[in-house]
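Results of the structural survey
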Amino acid sequence: TKIRKTIAAKKHESWSSVPRVTNMDDADVTELERIRQASKDDYAARGIKLTSLPFVIKSVAMALRKNPVVNASLDLDNGTIIYKDYVHIGIAVDSERGLVVPALRNVDQLSIPEIARQVAVLADKVRDNQFAIDDLRGSTFSISNLGAVGGTYATPIVNTPEVAILLLGRARKLPVVVNDEIVPRLMLPLSLSYDHRLVD
């Protein structure tokens, strides 16, 4: 199909042109999960399914504001770096037509409920095949959620012309040393791939 050919071309372009490095780590999301569990019924009453993804998206948006080199792109033809003064995060969504990445716009200016609602709307548009090409353009950074299908770490391919992508694994309880004691903590696997030409 046309969209499958487009996806293949974009992935090949990234694979063959971007010198990638992938950093892998775990984030302790124990307290985040406590907050989410305490809030999910209130959100459900407003018709919002509260997952951990909106919190991660908001955290990433705030981090991109503080680290503009990761919210940039390279213009090799003109030998310049383009720093974006906006934060549009692409959210990878699996569909019958393949993996597509619609852009969630101005995420740094949105609240957690707004992000949760907009992610649900975007995902429904993709799954119902109601998205437009413009929905897939303009992201400055991407997030993919491997945890939805299982898995821990991976090496995601940068969604060019972006310079980085974050892949979320499935959160799991692990023994962690806290104040010299081993305690169970909910840990979220993170894999961050980035273009080493720009991000050191």
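Here's what I pulled together on the structure shown here. (Residues numbered from 1 in each chain as written. Predicted model: local features only at pLDDT ≥ 70, side-chain atom pairs only at ≥ 80, totals over all residues. Heavy atoms only, no water.)

**Quick look at the overall build of the protein**
To keep it simple, the criterion reads: Helix and strand definitions here come from DSSP, where helices need a minimum of 4 consecutive H or I residues and strands a minimum of 2 consecutive E residues; each element is numbered from the N-terminal end. Burial classification: accessible surface area is computed with a 1.4 Å probe over protein chains only, and a residue below 20% of its type maximum counts as buried, one above 50% as exposed, and the rest as partly exposed. To measure how exposed things are, a 1.4 Å probe is used in the Shrake-Rupley method; for residues, cover is taken only from the protein chains shown. When charges are counted, Lys and Arg are positive and Asp and Glu negative, with His and the chain ends excluded. To locate a charge, take atom NZ for lysine, CZ for arginine, CG for aspartate or CD for glutamate.
When helices and strands are tallied, the protein shows four helices and eleven strands. Expressed along its principal axes, the backbone C-alpha trace of the protein runs to roughly 55 × 40 × 30 Å. A total of 200 residues make up the protein; the buried ones form 40% of that total. Counting every atom, the protein has about 11,400 Å² of accessible surface; 53% of that belongs to carbon and sulfur. On the protein, the mean spot of the 26 positive side-chain charges and the mean spot of the 24 negative ones are 5 Å from each other.

**Quick look at the nonpolar core**
To keep things clear, this is the line we draw: Take the buried residues of types Ala, Val, Leu, Ile, Met, Phe, Trp, Tyr and Cys, join any two whose side-chain atoms come within 4.5 Å, and each joined set is a nonpolar core. Throughout, a residue-residue contact means that at least one pair of heavy atoms, one from each residue, lies within 4.5 Å.
If you look at the biggest cluster of nonpolar residues, it comprises 29 residues, and the most contacted ones within it are Ile57, Val60, Ile89, Leu104, Phe141 and Ile143. Elements with a minimum of two residues in this core: helix H3 (53-66), strand S4 (89-91), helix H4 (112-127), strand S8 (141-145), strand S9 (164-168) and strand S11 (181-195). The element best represented in this core is H3, accounting for six residues. Setting aside its immediate chain neighbours within four residues, Val60 contacts Ile89, Phe141, Ile143 and Leu166. Of all hydrophobic cores here, the second largest spans seven residues; its members include Val93, Val100, Ala123 and Val126.

**Considerations on the side chain of Asp108**
Within the secondary structure, Asp108 sits in the loop between strand S7 (103-104) and H4. By relative accessible area, Asp108 is classed as buried at 18%.

**Digging into the environment of Tyr86**
With respect to the helices and strands, the residue Tyr86 is situated in the loop between strand S3 (80-83) and S4. For the pair Tyr86 and Asp42, spaced 44 residues apart in the sequence, the C-alpha separation amounts to 30 Å. Residues in contact with Tyr86, not counting those within four places in the same chain, are Arg65, Asn71, Asn106, Gly138 and Thr140.

**Notes on unusual backbone geometry**
Across the junction of Thr160 and Pro161, the peptide omega takes the value 10°, indicating a cis bond. As for its position among the elements, Pro161 is in the loop between S8 and S9. The phi dihedral of Asp180 is positive, around 65°, even though this residue is not glycine. Relative to the assigned elements, Asp180 resides in the loop between strand S10 (172-178) and S11. Judged by its relative accessible area of 77%, Asp180 is exposed.

**Some details on helix H1 (residues 2-17)**
Note: α-helices contain 3.6 residues per turn, so residues at a spacing of three or four share the same orientation. For clarity, the cut-off: To estimate how far a helix should extend, the number of its residues minus one is multiplied by 1.5 Å. An arc is given here, and it is the one of the directions from the helix axis to the C-beta atoms.
In a regular helix each residue adds 1.5 Å, so 16 residues correspond to 22 Å; H1 covers 22 Å between its end C-alpha atoms and thus fits that length. Listed as buried for H1 are Ile3, Ile7 and Ser14. Along the axis of H1, the buried residues cluster in a sector spanning 40°; they form a single face. Among the exposed residues of H1, those pointing more than 90 degrees away from its buried face are Lys2, Lys5, His12 and Ser16.

**Regarding the pairing of strand S2 (residues 72-75)**
The test is simple: Any two strands are treated as partners once DSSP identifies two or more bridges connecting them.
The pairing of S2 with S3 spans four bridges and is antiparallel. Across the sheet, the residue bridging to Leu74 is Ile81, located in S3. Two successive antiparallel strands, S2 and S3, enclose a turn made up of four residues, where Gly79 displays a positive phi of approximately 65°.

**Quick notes on the packing of H3 against H4**
Operational definition: Helix axes are fitted only over the stretch in contact, all axes being lines through C-alpha atoms; the angle between N-to-C directions runs from 0 to 180 degrees. Should an angle fall under 35 degrees it is taken as roughly parallel, and over 145 as roughly antiparallel, whereas 65 to 115 is taken as roughly perpendicular and any remaining angle as oblique. A crossing counts as left-handed when the near helix is turned anticlockwise from the far one by less than a right angle, and as right-handed when that turn is clockwise. Asp, Glu, Lys and Arg are counted as charged, while Ala, Val, Leu, Ile, Met, Phe, Trp, Tyr, Cys and Pro are counted as nonpolar; the rest, among them Gly, fall into the polar class.
Orientation of H3 relative to H4, taken along the N-to-C sense of each, is 115°, at an axis distance of 9 Å. With respect to each other, H3 and H4 are oriented roughly perpendicular. Crossing handedness for the pair H3 and H4: right-handed. Contacts between H3 and H4 pair Leu53, Pro54, Phe55, Ile57 and Lys58 from the former with Ile112, Ile115, Ala116 and Val119 from the latter. Residues that form the contact of H3 with H4 fall into these classes: eight nonpolar, no polar and one charged.

**Looking at the pattern of salt bridges**
When the charged atoms of two side chains with opposite charge come close together, those side chains can pair. Put simply, the test is: For this document, the term salt bridge refers to a Lys or Arg side-chain nitrogen within 4 Å of an Asp or Glu carboxyl oxygen.
Inspection of the entire model under this criterion finds eight salt bridges. Arg185 is the partner of Asp28 in a salt bridge, and the nearest nitrogen-oxygen pair spans 2.8 Å. Here Asp28 is found in strand S1 (residues 20-28), whereas its partner Arg185 is found in strand S11, with 157 residues between them in sequence. Classification of Asp28 by relative accessible area gives partly exposed; the value is 37%.

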